Every structure is written in C-alpha cells, then in structure tokens.
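# Examination of the molecular architecture
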Amino acid sequence: MASSSSSTHQAPTVHARRQQQLDAERLESYVNADHDLYCNIPRSVEAPTERPGERRQAEMKRLYGDSAAKIQAMEAAVQLSFDKHCDRKQPKYWPVIPLKF
C-alpha cells in the first residue's frame, strides 16, 4: 500500500511542476497593455546577414507581381500617416489596464 500512496503523491508534484513551468512561460511573454508591443527588439553589433528589407521585397513581389512597388508605397504612406497622427495626439493604448494573454 505504501507504493500506491507514494505514486499518488508524485502525480500532484509532477502536475505542480508542469503548472509552474507554464506559469513561468506565460509570465515571460506578459505584455503590459500600455506598452508598445515592439519594445523588445533584440539588438546586435554584428552586421546583418542579408540586406534590410530584401526578404519583404521578395515576398511582396511574389504576392503582387509588378504592382509590388506600388503596394509597398501605399502601405508606407498609410503607416507614416498613422505614425504622424499617433505622434500628434499621443493616444493611450487600449485598454489602459494590464492584461495577461
């Protein structure tokens, strides 16, 4: 009987360890709602392995063919307009309370 008792005690311990691991992963990816989602960009002092934007340009060419440059220009115009309005109005991120995802 002692062996069955010890195996029942191990199950909650394994479950608890797994839950702690999941909680730690969740906490690591926690983002306050009032912070920019792109604030944790890893930086390096090494030279890039490819030209900046080369992969995106190839993807755009694959998706849009000859119209890729036109589409990229329109996307850039919309993004710049959005950034300009955000800089001018300084909106609060919604919601202003932290959430766990």
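Residues numbered from 1 in each chain as written. Predicted model: local features only at pLDDT ≥ 70, side-chain atom pairs only at ≥ 80, totals over all residues. Heavy atoms only, no water.

The name that an unreviewed UniProt entry assigns to the chain is Gem-associated protein 8, with the source organism given as Saguinus oedipus.

## Things to note about unusual backbone geometry
Outside of glycine, negative phi angles account for most residues, and trans bonds account for most peptide bonds. The following threshold applies: Labels follow the DSSP assignment, with helices taken as runs of H or I lasting at least four residues and strands as runs of E lasting at least two, numbered in each case from the N terminus. Think of it in three bands: residues with accessible area under 20% of the maximum for their type are buried, residues over 50% are exposed, and the middle band is partly exposed, with areas taken using a 1.4 Å probe on protein chains only.
A positive phi is found at Q90, a non-glycine position, where the angle reads about 50°. Here Q90 shows up in the segment after α3 (68–89). Residue class for Q90 comes out exposed when judged on its relative accessible area of 57%.

## Some points on α3
Our working definition: To estimate the expected span of a helix, subtract one from its residue number and multiply by 1.5 Å.
Taking 1.5 Å per residue, 22 residues should reach 32 Å; α3 reaches 32 Å between its end C-alpha atoms and fits that length. Looking one or two places after α3, you find Q90, whose phi comes out positive at around 50°.

## Here we look at the pattern of salt bridges
Stated precisely, the cut-off is as follows: Take a side-chain nitrogen of Lys or Arg and a carboxyl oxygen of Asp or Glu: if they are within 4 Å of each other, that pair is a salt bridge.
In this structure the tally under the stated criterion is 4 salt bridges. Two residues, R55 and E50, come together in a salt bridge whose shortest N-O distance is 3.4 Å. Take R55: its relative accessible area is 63%, and that puts it in the exposed class. For E50, a relative accessible area of 34% translates into the label partly exposed. The partner of E59 in a salt bridge is R62, and the shortest N-O contact between them spans 2.8 Å. Here E59 pairs with R62, and both are found in helix α2 (residues 54–64), just 3 residues apart, close to one helical turn.

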